[in-house]
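Chain residues, written in single-letter form:
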Amino acid sequence: MTDTMRRAVSEIAAPVLPRNCTFEAPDWAILARHWYPIALVRDLGARPLSAKLLDEPLALYRAGDEIVVATDICPHRGVPLSMGSQVPEGVVCAYHGLRFGSEGRCVHVPAHPDRGIPARLQLKTYPAVERYGLIWTCLLPSEEAPAICPMPHWDEPEFQQIVCPTIDIFGFAGRQMEGFLDVAHFAFVHTDTFGDANNAVVPAYLPKEHNHGFDVEYWSSVGNYPIGVTDRGRPGFEWLRHFNCHLPFTATLEIHFPDAARLVIMNAASPVSARVTRLFAPIARNFDTDLPVQDVYDFNLRVFEEDKAIVEAQMPECLPLDPAMEAHIPADRSSMAYRKGLRAMGLSRFFIS
């Protein structure tokens, strides 16, 4: 095969990048093969939703019992479908009333109700999966695409399922994920929520790699009750925090409370762009299930807003994958394992944002 033919084949195989893409093309192609949440299931129904993933504008609507995820543009005259209206069988474009139903098919053109519908009016669609109260999609699906991150205890009857409202962070998903995995910042960033300013020592821990990332079991005397709660602790209790990092931007944290109580938090950092992250955080717990869910929303918002302020201030904005580009301390073992995993995926040396 000649060099010209190789280039032609490469160009055919290369994915079409979104307009004004903020990622380097090879990085985008790698990231687009993974699953990300783009909306809460409970928000979909009364109207179509707009979302953005890896710079790709998306519209979500219901067609009967089916959730449709499509590029957020009507193929007729380019108006966002998310501006339209939800009807039982699909979505109606706000400009000319074209109706789109199951699998993104155009099923009605009001201006020409008796004529055939051109194939070019078919929407470009993506797979949709409901899991953990979230709608997940993948922009470059394939049989080799990694599975959605598992969440411990979610389907167990004694556990309460809580789907927190989303949080937008004006920073890179990799920076946010690294902060979630970090165990040395509690005493400095979270002193208004659960951290202890007088307990900053990080005991030794060791990440263990698996097929989709790595696990960390981290024992600590730092509690996880909100500041001011004094009647639930136990002197000398060692808290086990079990992190499961699922590359590239999802992780779960299972916290072992006294008396076999468990709290599981999923941190799903959905990359809206290289500079904006939408954080999804479903929670499962088997205690305090009679307390108002709004209290859980409020407390977790405070925690994530503490992290948000740090992520939005970090420089560089991107996540350097070359170990020589930033200094490190022993408490950074999770961070180093995370960056190593991203390098192994083939992402760029300096994860450009």
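Predicted model, so just to flag it, every value in this text is computed and none were measured.

(A) Examining the confidence of the model for the protein chain more closely. Within the protein chain, residue pLDDT values average 91, and 93% of them lie at 70 or more. Counted against residues more than four places away or in other chains, residues 1-12, with its pLDDT under 50, gives 2 contacts.

(B) Focus on the sheet that holds strand β11 (residues 134-137). Pairing is antiparallel across the open sheet formed by 3 strands, whose spatial order is β1-β11-β10. Sheet topology places β1 (36-40) and β10 (129-131) at the edges, where each strand pairs with a single neighbour. Across the sheet, the axes of successive neighbouring strands diverge by a mean angle of 40 degrees, strand direction being ignored. In this sheet, β11 lies alongside β10 in antiparallel orientation, the contact comprising 3 bridges. Paired with R131 across the strands is L134, a residue of β11.

(C) Up close: the packing of aromatic side chains. Enumeration according to the criterion identifies 10 aromatic pairs in this entry. With 5.3 Å between their ring centres and 65 degrees between their planes, F186 and F194 make a pair best called edge-to-face. Judged on exposure class, the residue F186 and its partner F194 are both buried. Ring plane angle 90 degrees and centroid distance 5.3 Å describe the contact between F237 and W239, whose orientation is recorded as edge-to-face. Classification of F237 as buried rests on a relative accessible area of 19%. Its relative accessible area of 5% is what places W239 among the buried residues. Ring-pair connections join several aromatic residues into one group, and the members of that group are F237, W239, F257 and F287. Between the NZ or CZ atom of R285 and the centre of the ring of F287, over which it lies, the distance is 6.0 Å.

(D) Expanded view of the nonpolar core. Membership of the largest hydrophobic core comes to 70 residues, with the highest contact counts inside it found for L54, L60, L181, F249 and Y338. Element by element, the count of residues in this core is highest for helix α5 (residues 293-313), at 6 residues. Residues within four places of L181 in sequence aside, it is in contact with F214, F243, C245, A251, S334 and Y338. Core analysis: the second largest hydrophobic core is formed by 18 residues, W35, L134, C149 and V264 among them.

(E) Summary view of the sheet that holds strand β6 (residues 90-92). Read across the sheet, 4 strands follow the order β5-β6-β7-β8 without closing on themselves; strand pairing throughout is antiparallel. Unpaired on one side and paired on the other, β5 (85-87) and β8 (106-108) mark the two borders of the sheet. Of the strand pairs in this sheet, strand β7 (residues 99-100) and β8 are connected by 2 bridges, and their pairing is antiparallel. Within β8, the position partnered with R99 by the bridge is H108.

Reading the values: the criteria
- Residues numbered from 1 in each chain as written.
- Predicted model: local features only at pLDDT ≥ 70, side-chain atom pairs only at ≥ 80, totals over all residues.
- Heavy atoms only, no water.
- pLDDT = per-residue confidence, 0-100.
- Contact = heavy atoms within 4.5 Å.
- Pairing = 2+ DSSP bridges.
- Helix = DSSP H or I, 4+ residues; strand = E, 2+ residues; numbered from the N terminus.
- Axes fitted to C-alpha atoms, helices over the stretch in contact; angles between N-to-C directions.
- Phe/Tyr/Trp six-rings, centres within 6.5 Å; stacked < 30°, edge-to-face > 60°.
- Buried < 20%, exposed > 50% of the residue type's maximum accessible area, 1.4 Å probe, protein only.
- Lys NZ or Arg CZ within 6 Å of the ring centre and 35° of its normal.
- Core = buried A, V, L, I, M, F, W, Y, C linked by side-chain atoms within 4.5 Å.

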